[in-house]
Amino acid sequence: RNWQTIKEYSDILFQYWNGIAKITINRPEVYNAFRPETNFQMIEAMEYSREHPEIDVIILTGAGDKAFCSGGDQNVKGVGGYVGEDGVPRLNVLELHKKIREIPKPVIAMVNGYAIGGGHVLHVVCDLTIASENAKFGQTGPKVGSFDGGFGSSYLARSIGQKKTREIWFLCQQYSAQEAMEMGMVNKVVSLEQLEDATIEWCEIMQQRSPMALRMIKRCLNAELDGQHGLMQLAGDATLMYYLMDEAQEGKKAFLEKRKPDFKKFPKFL
Ligand code: 2NE
């Protein structure tokens, strides 16, 4: 595939091909661990992917054949967060989680190796996960002095249940791709050689589906968990759909034409 670079970054590759954006964490020397800059770059890539209508679906993956992402870079973990080049400690991966959930397009985690710690959370937050047979899944927080009580645990529990989630977090063991699929947190397992083809195949199927229907189903599935914020996102799309109706256009037209709106002429849906 002729992937075209959308923008050059230090920590990620951001590429485009046939309606698909691919974000690759490109720090193989640390098993694609993220530092604040990595997250800022992924957040920007997500924002670009949201704003550009030629992009239908987004793939998130890691460089090489060893790791998808090994979580926060332990080399830059300071007091109060991961310390970036500006010297400020941050946990800005949480902002990335929000972007992945908010973008009204499917995001697929293409897990090509270890998905560990905050890297495991990243695949959990994505809409779908396709994993290679060599992939390994697990949390390490309680082993290395961290935890993610947000989507990394509450959303995981909604996906695979409380008992398994507590096992994963309390024991900090690793699970094979097959085990992860049996738990329900991975959609499909293929060989490493087939990983990109299988992921593209699913992207292309979704590209044939109604974008608005995909958008709404993602919003509705999120809304249940995301409280007032989720309702706000869903309500925003309800407003979008209302704006598409002649009934809504009538209100604006009447205002501009300085007359009373006539909403009676539109059909009522009972
Ligand atoms: C990923 C894992 C299990 C792989 O083990 P193994 O034995 O196959 O490889 P190795 O030798 O440990 O790692 C290969 C190289 O990658 C670096 C290692 O230091 C090593 O470098 P060299 O010695 O060859 O120079 N590396 C791997 N993970 C790294 C990391 N996260 N930061 C910096 N360098 C890393 C094994 O490497 C592992 O368990 N890694 C640590 C996973 C981890 O604990 N991550 C942080 C969890 S906390 C978190 O991510 C988090 C959160 O809990 C809540 C919010 C936000 C973040």
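Owing to the predicted nature of the structure, the values given are computational and were not obtained by experimental measurement.

Caption draft 1: Examining the site of the ligand more closely. In the vicinity of the ligand, 24 residues are found, and the nearest of them are Ser70, Gly72, Gly118, Thr140 and Ser146. With respect to the ligand, the backbone of serine 70 contributes an N or O atom lying 2.9 Å from a nitrogen atom. With respect to the ligand, the side chain of tyrosine 114 contributes an N or O atom lying 3.3 Å from an oxygen atom. Here the ligand has 1000 Å² of accessible area as a free molecule, and 66% of this is covered by the chains. Of the residues belonging to the shell around the ligand, the class tally is eleven nonpolar, ten polar and three charged.

Caption draft 2: Focus on unusual backbone geometry. Within the chain, cysteine 172 stands out as a residue other than glycine whose phi angle is a positive 55°. Note that cysteine 172 resides in the loop between helix H6 (162-171) and strand S13 (175-176).

Caption draft 3: Looking closely at the nonpolar core. Counting 44 residues, the largest nonpolar core has Ile23, Ile100, Leu122 and Phe137 as the members making the most contacts within it. Filtering out sequence-adjacent residues up to four positions away, isoleucine 100 remains in contact with Met46, Leu60, Val107, Leu122, Val125, Cys126 and Lys218. Membership of the second largest hydrophobic core comes to 15 residues, among which are Trp3, Trp17, Ile59 and Leu128.

Caption draft 4: Helix H1 (residues 36-51), seen in detail. Here H1 spans 23 Å end to end across 16 residues, near enough to the 22 Å set by a 1.5 Å rise per residue. When we look at burial in H1, the residues that qualify are Pro36, Glu37, Thr38, Asn39, Gln41, Met42, Ile43, Ala45, Met46 and Ser49.

Caption draft 5: Summary view of the packing of aromatic side chains. Following the criterion strictly, the structure yields five aromatic pairs and no others. A centroid spacing of 5.9 Å and a plane angle of 25° characterise the contact between tyrosine 31 and tyrosine 114, whose relative ring orientation is stacked. One end of the pair, tyrosine 31, is in the loop between strand S3 (20-25) and H1; the other, tyrosine 114, is in strand S10 (residues 114-116), and 83 residues separate them in sequence. Residues phenylalanine 151 and tyrosine 155 carry aromatic rings whose centres are separated by 6.3 Å and whose planes lie at 85° to one another, so their mutual orientation is edge-to-face. Pair noted here: phenylalanine 151 and tyrosine 155 are both in helix H5 (residues 151-160), with a separation of four residues, about one helical turn. The pair formed by phenylalanine 151 and tyrosine 155 is uniform in burial state, with each residue classed as buried. Seen from the ring of tryptophan 17, arginine 1 lies directly overhead, with NZ or CZ sitting 5.4 Å from the centre. Between the NZ or CZ atom of arginine 101 and the centre of the ring of tyrosine 155, over which it lies, the distance is 4.6 Å.

Caption draft 6: Representation of the layout of surface pockets within the structure. Of the volumes computed, that of the largest pocket is approximately 560 Å³. Lining the largest pocket are 32 residues, with Gly72, Tyr82, Gly117, Gly118 and Ser146 sitting closest to its centre. Ranked by residues supplied to the lining of the largest pocket, first place goes to helix H2 (residues 93-102) with four residues. Residues of the lining of the largest pocket, tallied by class, amount to 13 nonpolar, 16 polar and three charged. Reported here for the second largest pocket is a volume of approximately 330 Å³. Elements supplying a minimum of two residues to the lining of the second largest pocket: H5 and helix H9 (211-243). No other element matches the eight residues that H9 contributes to the lining of the second largest pocket. Of the residues that constitute the lining of the second largest pocket, the class distribution is nine nonpolar, one polar and seven charged.

About the criteria used
- Residues numbered from 1 in each chain as written.
- Predicted model: local features only at pLDDT ≥ 70, side-chain atom pairs only at ≥ 80, totals over all residues.
- Heavy atoms only, no water.
- Near = heavy atom within 4 Å.
- Polar contact = N/O pair within 3.5 Å; in protein donor to acceptor, adjacent residues only side chain to side chain.
- Areas by Shrake-Rupley, 256 points an atom, 1.4 Å probe, with all protein chains shown as cover.
- Nonpolar A, V, L, I, M, F, W, Y, C, P; charged D, E, K, R; others polar.
- Helix = DSSP H or I, 4+ residues; strand = E, 2+ residues; numbered from the N terminus.
- Core = buried A, V, L, I, M, F, W, Y, C linked by side-chain atoms within 4.5 Å.
- Buried < 20%, exposed > 50% of the residue type's maximum accessible area, 1.4 Å probe, protein only.
- Contact = heavy atoms within 4.5 Å.
- Expected span 1.5 Å × (residues − 1).
- Phe/Tyr/Trp six-rings, centres within 6.5 Å; stacked < 30°, edge-to-face > 60°.
- Lys NZ or Arg CZ within 6 Å of the ring centre and 35° of its normal.
- 1 Å grid on protein atoms, 1.4 Å probe; cavity = no way out; pocket = protein on both sides within 12 Å on 5 of 7 lines; lining within 4 Å.
- Points joined across faces, edges and corners; volume = space filled by probe spheres on them.

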